[in-house]
Amino acid sequence: MSEFVMLFRGDQPLASPDQMQQQMQRWGEWMKELKEKGYFKGGQPLERGGHVVNRQKVVTDGPYAEAKDLIGGFMLIEVKDLEQASEVAKGCPIFSTGGFVEVRPVMKMNM
């Protein structure tokens, strides 16, 4: 088994409170399924704002990526391989709002 991080990308479109509730329910059901299968290891949504620290150590407000590239959250999963991680990502509710999922293997480090 290996660890993978899923980065949830894309701007959240404006939605009514009812639509937001339905979307949250879909996310909750999906995460519950991943927990039951033993895949889910952690994750959180991210606030929209933050800071960017550049190589000169200058701090600016950000990030200023295009809306489609904003990272809205992340999830750590543990599955067999990248192919299985990508299959897990296909069940993500973000696709219904035009977003996408970036799946990346977590590098193992001996420390």
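Peer 1: Where do I start with the overall build of the protein chain in this structure?
Peer 2: Helices and strands together make up the secondary structure of the protein chain, namely two helices and six strands. Counted from the first residue to the last, the protein chain has its helices and strands arranged as β-α-β-β-β-β-α-β. Each of the three principal axes of the protein chain carries a C-alpha extent, and together these read 45 × 45 × 20 Å. Per-residue burial over the protein chain gives 26% buried out of 111 residues. Nonlocal contacts in the protein chain, meaning residues at least 24 apart in sequence, comprise 77% of its contacts between residues at least 6 apart. For the protein chain, the exposed area adds up to about 8100 Å²; of that, 55% sits on carbon and sulfur atoms.

Peer 1: Whenever I open this one, the nonpolar core confuses me. Can you help?
Peer 2: It is characteristic of soluble globular proteins that their nonpolar side chains tend to be buried jointly. Core analysis: the biggest nonpolar cluster contains 18 residues, and Met 6, Phe 8, Trp 30, Met 75, Ile 77, Val 88 and Val 101 have the highest contact counts within it. The residues contacting Met 6, other than those within four sequence positions of it, are Trp 30, Gly 73, Phe 74, Met 75, Ile 77, Ala 85, Val 88, Ala 89, Val 101, Glu 102 and Val 103.

Peer 1: Explanation requested: the packing of aromatic side chains in the structure shown.
Peer 2: What characterises a pair of aromatic rings is the spacing of the ring centres plus the angle enclosed by the ring planes. Summed over all chains, the structure comprises three aromatic pairs. Ring centres of Phe 8 and Trp 27 lie 5.0 Å apart, and the angle between their planes is 85 degrees; on these two criteria the pair is classed as edge-to-face. Residue Phe 8 is located in strand 1 (residues 2-9), and its partner Trp 27 is located in helix 1 (residues 17-36); the two are separated by 19 residues in the primary sequence. Phe 8 sits in the buried class, given a relative accessible area of 6%. Ring geometry for Phe 8 and Trp 30: centres 6.2 Å apart, planes at 75 degrees, overall edge-to-face.

Peer 1: When you look at the pattern of salt bridges in this model, what are you seeing that I'm missing?
Peer 2: Proximity of charged atoms lets side chains of opposite charge pair with each other. Tallying each qualifying case throughout the model produces six salt bridges. Between Glu 33 and Lys 37 there is a salt bridge; the shortest N-O distance is 3.1 Å. Lys 37 sits in the partly exposed class, given a relative accessible area of 49%. For the salt bridge of Arg 104 with Glu 102, the shortest nitrogen-to-oxygen distance reads 3.0 Å. One connected set of salt bridges, linked through shared partners, spans Arg 9, Glu 102 and Arg 104.

About the criteria used
Residues numbered from 1 in each chain as written. Predicted model: local features only at pLDDT ≥ 70, side-chain atom pairs only at ≥ 80, totals over all residues. Heavy atoms only, no water. Helix = DSSP H or I, 4+ residues; strand = E, 2+ residues; numbered from the N terminus. Buried < 20%, exposed > 50% of the residue type's maximum accessible area, 1.4 Å probe, protein only. Contact = heavy atoms within 4.5 Å. Areas by Shrake-Rupley, 256 points an atom, 1.4 Å probe, with all protein chains shown as cover. Core = buried A, V, L, I, M, F, W, Y, C linked by side-chain atoms within 4.5 Å. Phe/Tyr/Trp six-rings, centres within 6.5 Å; stacked < 30°, edge-to-face > 60°. Salt bridge = Lys/Arg side-chain N within 4 Å of Asp/Glu carboxyl O.

Everything listed is a geometric property; what it means functionally is a separate question.
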